[in-house]
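Coordinate inspection notes
So you can see what is in the structure, the chains are spelled out below.
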Amino acid sequence: MESKLTIEAQRFKKIREEQRHTQQSFAELLDIGSTTADIERGKTKITGKVVMELMAQFNINPLWLYGKSYEKHIDSSRGDVSPKVITLDTDGNDSIILVNQKAAAGYPNNIQDTGWYQTLPAFNIPLPEYRNASYRGFQVEGDSMLPNIKPNEWVLGRAVASINEATDSKIYIVVLRDSVLVKKLQKIPGNPQSIRLISLNESYLPIEVKVRDIQELWMVNSKLSFGVDEPSESSLLRQLQQSMDELKGQISGLK
């Protein structure tokens, strides 16, 4: 019967047994009433509050709990940047929270507030590219990532558990303690305590930040764009000029 349980229910029970708690004492420790037994039987889903308590008291990695990371424990000295809250739909599947520009301003301060996440829109993408991982969407503000990412476009990022898993030259959503940035990441040789964040728009200088100041990291794998740009006036003028030049060439050839 246990094989039919969700992986988070099995791992929840494993944590309790490793800590040598009864179901009752574990429920009291986590302050979750009498739901411990129901979680282990698969009758009650694990709430964000429970995930936070497991993380706070036992350094449990939320991604490990849901079977999406091999790293069981969070180690701040190794640059943990995993999601602080996992969001699920009514069927227990990962849902993609959308964080617009206004919400992004408050995201760093509400990063562990499960109630705050419930105020944000969420959806699912039934494509294989979005399976077996946690994703989150953020609306881009400013022009620092032009020409690849335009202002007000949405980027979707896959959760990264540790800064050690981050790859140079990939674009990431970087959640700092006071802001959310979309930048290309570059590790600094000989300095594992810091990383460099680079804009695609050359008008912006690189930013160097401390790894300890990064709360979450999401690797961008796609973006959402709305509307198709029409040719700009300058583009139309260039096309017209090219046509005129071709016409002049043809006329010259007739002389």
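Residues numbered from 1 in each chain as written. Predicted model: local features only at pLDDT ≥ 70, side-chain atom pairs only at ≥ 80, totals over all residues. Heavy atoms only, no water.

1. Focus: the sheet that holds strand β2 (residues 122-123)
Pairing is mixed in the open sheet, where 9 strands are placed in the order β2-β1-β3-β4-β9-β5-β6-β7-β8. What marks the edges here is a single partner per strand, and that holds for β2 and β8 (207-210). As judged from the 4 bridges shared by strand β6 (residues 180-187) and strand β7 (residues 194-198), these two strands associate in the antiparallel manner. Following the sheet pairing, Gln186 is matched in β7 by Arg196. (Pairing = 2+ DSSP bridges. Helix = DSSP H or I, 4+ residues; strand = E, 2+ residues; numbered from the N terminus.)

2. Regarding the environment of Thr22
Structurally, Thr22 can be placed in the loop between α1 (7-18) and α2 (23-30). Spatially, the C-alpha atom of Thr22 lies 9.7 Å from that of Ala37, the residues being 15 residues apart in sequence.

3. Notes on the packing of aromatic side chains
Note on aromatic pairs: each is described by the distance of the centres and the angle between the planes. With the rule as written, the count across this model stands at 7 aromatic pairs. Relative to Trp116, the ring of Tyr107 lies with its centre 5.8 Å away and its plane at 75°, an arrangement referred to as edge-to-face. Relative accessible area serves as the criterion here: at 0%, Tyr107 is assigned to the buried category. An angle of 80° between the planes, with centres 6.0 Å apart, marks the rings of Tyr107 and Tyr117 as edge-to-face. On the criterion of sequence distance, the pair formed by Tyr107 in the loop between α6 (101-106) and α7 (114-117) and Tyr117 in helix α7 is long-range, its members being 10 residues apart. Of the two residues, Tyr107 and Tyr117, neither departs from the other in class, the shared state being buried. Through pairs of rings, three or more aromatic residues link up here, namely Tyr107, Trp116, Tyr117 and Phe138. The aromatic ring of Tyr204 is capped on one face by Lys183, whose charged end is 5.7 Å from the ring centroid. (Phe/Tyr/Trp six-rings, centres within 6.5 Å; stacked < 30°, edge-to-face > 60°. Buried < 20%, exposed > 50% of the residue type's maximum accessible area, 1.4 Å probe, protein only. Lys NZ or Arg CZ within 6 Å of the ring centre and 35° of its normal.)

4. Digging into empty space enclosed by the protein
Tallied over the full model, the rule gives 2 cavities of 30 Å³ or more. Of the pockets and cavities examined, the second largest cavity occupies roughly 30 Å³. Along the walls of the second largest cavity sit Ile86, Thr87, Asp94, Ser95, Ser134, Tyr135 and Arg136, which together make up its complete lining. (1 Å grid on protein atoms, 1.4 Å probe; cavity = no way out; pocket = protein on both sides within 12 Å on 5 of 7 lines; lining within 4 Å. Points joined across faces, edges and corners; volume = space filled by probe spheres on them.)

5. Looking at unusual backbone geometry
Glycine aside, residues mostly have negative phi, and peptide bonds are mostly found in the trans state. Cis peptide bonds are those with omega within 30 degrees of zero, and the linkage from Leu146 to Pro147 qualifies with 5°. Its place among the elements puts Pro147 in the loop between β3 (135-139) and β4 (154-159). Located in the positive-phi region is Asp31, a residue other than glycine, with phi close to 60°. Taking relative accessible area as the criterion, Asp31 reaches 58% and is therefore assigned exposed. At Asn152, a position not held by glycine, the phi torsion is positive, near 80°.

6. Notes on the nonpolar core
Counting residues in each nonpolar core, the largest one holds 41 residues, and the members touching the most others are Phe12, Leu54 and Tyr107. Top contributing element to this core by residue count: helix α4 (residues 48-58), with 4 residues. In this structure, Phe12 is in contact with Phe26, Leu30, Ile32, Thr36, Ile39, Glu40, Ile46, Val50, Leu54 and Leu65, ignoring residues within four places of it in sequence. If you look at the next biggest cluster of nonpolar residues, it comprises 15 residues, including Tyr172, Val174, Leu197 and Met219. (Core = buried A, V, L, I, M, F, W, Y, C linked by side-chain atoms within 4.5 Å. Contact = heavy atoms within 4.5 Å.)

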